[in-house]
Amino acid sequence: MRICICGGGNLGHVVAGFIAAQGVHDVVLLTRHPERWSHKLIIEAPDSTTYTGQLKGLYGDAREAVGQADIVWLCLPGYAIRPTIMQIRHFLPPQTAVGSVVSSTGFFFEAMELLPPAQPLFGFQRVPFIARVEDYGHRARLMGYKESLSMAVEHMTDADAFRKTMEQMLSTPICLLDSFYEAALSNSNPLLHPARLYDLWKDWHPGIVGRRVPLFYEEWTEEAAQLYIGMDAELQQLLAVLPVRRGSIPTVLDYYESTDAGSLAAKLRSIEAFKGIEAPMKKVEGGYTPDFHSRYFTEDFPFGLAFVQQLAHEKGVATPTIDRVMSWGQHVMA
């Protein structure tokens, strides 16, 4: 098949390179900077395996990239999903499956509004890889795998056949979710990052300069974990009034095999793939201040947590903890 990857970020590199390296499908890329890419893409995995993928096409033009694609796969931040769907929608064949590498930043809501009612859609509950670009357009690192993946599909004539295709592409077991809500609503980054950011800087104001940049995960506090648990409890109340399978989005305590805030904080501090990741800060005279323009803010508040809050309000579910964190995030980004 012809697979079009949209987006040249961390996940775009690794997904494109990993699939292309199998030599089964033709992989092309839609990016704003095709001139910076090599057709040979090298992906280094944590077990010292190196995947070398040969990309069949590098495009900046949507018509060329998606016009003959069987699958169009968005590997994009939340803010880029809507404009990219608008960019490609007039060139999509009606049978082409359009999906997102992660669905918690608004993909299904945007796609259902902008694309034809019968357009096949798919989206993952969580990203399949932890990825980092090493040399843009040439080399990236696959830093961590998921043991299994969960995917939602809509308007598929044979959902299980599509599941098997994606399973083969990613070399990872995949289960189908019962509803797109189960992928579109997440207690991963849309709750995880805002909880930690609020804990770090809820008392920050202009003039406060830090002497060092804290580690985002390795210094995770029990207070941040408790906030995360509280936000998740409100999400679980929302899920209870939606057409979703019970347990399809495990609680954060279940997912991280924890029992309380203390054990959850310890678990987050110990995850190997998260080690070395710094909190989003920028250097100023005398030290560091929060970087409110980082993707931790610009993605996870307006294109993550906001969807949870909006849907909860529509369904009459009270979210005092989410409201408090969301209000703070909107204030500091204003």
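Keep in mind that what you see is a predicted model, and the values were worked out from it rather than measured.

> Go over empty space enclosed by the protein with me, naming the residues and quoting the values.
As enumerated under the stated definition, the model contains 1 cavity of 30 Å³ or more in all. Estimated volume of the largest cavity: approximately 40 Å³. Considering the residues around the largest cavity, the lining is formed by Gln 125, Arg 126, Glu 182, Leu 185, Ser 186, Asn 187, Ile 249 and Pro 250. Partitioning the lining of the largest cavity into residue classes produces 3 nonpolar, 3 polar and 2 charged.

> For helix α10 (residues 261-270), give the residues involved together with the corresponding values.
Listing the buried residues of α10 in full gives Ala 261, Leu 264, Ala 265 and Leu 268. An end-on view of α10 places all buried positions within 100° of arc, on one side of the element. On the buried face of α10, the contacting elements are α7 (189-201), α8 (222-239) and α9 (252-255).

> Tell me what's going on with the packing of α7 against α8, and back it up with residues and numbers.
Helices that pack against each other are described as a pair by the angle of their axes relative to one another and the distance between those axes. Between α7 and α8, the shortest axis-to-axis distance is 9 Å and the interhelical angle comes to 140°. On the basis of the axis angle, α7 is oblique to α8. Relative to α8, α7 is oriented so that their crossing is right-handed. In this structure, α7 contributes Leu 191, Leu 192, Pro 194, Ala 195, Arg 196, Tyr 198 and Asp 199 to the contact, and α8 contributes Glu 223, Ala 224, Leu 227, Tyr 228, Met 231, Asp 232 and Leu 235. Of the residues belonging to the contact of α7 with α8, the class tally is 10 nonpolar, no polar and 4 charged.

> Which residues make up the layout of surface pockets, and what values do they have?
By rolling a water-sized probe across the atoms, one finds the places where empty space is left. In this model, the second largest pocket occupies a volume close to 190 Å³. Surrounding the second largest pocket, Met 1, Asp 70, Ile 71, Gln 95, Ala 97, Pro 120, Met 156, Thr 157, Asp 158, Ala 161, Phe 162 and Thr 165 form its lining. If one sorts the elements of the lining of the second largest pocket by residue count, helix α5 (residues 159-170) sits on top with 3 residues. A class-by-class count of the residues in the lining of the second largest pocket yields 7 nonpolar, 3 polar and 2 charged.

The rules behind the values
- Residues take numbers from 1 onward in each chain, read along the sequence in its written order.
- Where local features are concerned, this predicted model is filtered to residues with pLDDT of at least 70; where side-chain atom pairs are given and counted, the filter is 80 or more; whole-chain, interface and lining totals use all residues.
- Side-chain metrics in this entry use all non-hydrogen atoms of the structure; hydrogen atoms and water are not considered.
- The rule is simple: put a 1 Å grid over the protein atoms alone, call a set of points where a 1.4 Å probe fits but cannot get out a cavity, call an open set with protein on both sides within 12 Å along at least five of seven lines a pocket, and count a residue as lining if it has an atom within 4 Å of a point.
- Grid points are joined across faces, edges and corners, and a volume is the space filled by probe spheres set on the points.
- When residues are grouped by polarity, Ala, Val, Leu, Ile, Met, Phe, Trp, Tyr, Cys and Pro land in nonpolar, Asp, Glu, Lys and Arg in charged, and all others, Gly among them, in polar.
- Here's how the labels work: a residue is buried when its accessible area is under 20% of the maximum for its type, exposed when over 50%, partly exposed in between, all with a 1.4 Å probe on protein chains only.
- For the purposes of this entry, the term helix denotes a DSSP run of H or I that reaches at least four residues, the term strand denotes a run of E that reaches at least two, and both are numbered from the N terminus.
- Here the arc refers to the directions that run from the helix axis out to each C-beta atom.
- Should any heavy atoms of two residues lie within 4.5 Å, those residues are considered in contact.
- In this analysis, axes come from line fits to C-alpha atoms, helices being fitted only over the stretch in contact, and the angle between any two N-to-C directions falls in the range 0 to 180 degrees.
- We call two directions roughly parallel when the angle between them is under 35 degrees, roughly antiparallel when it is over 145, roughly perpendicular when it lies between 65 and 115, and oblique otherwise.
- Two helices that cross are described as forming a left-handed crossing if the nearer one is turned anticlockwise from the farther one by less than a right angle, and a right-handed crossing if clockwise.

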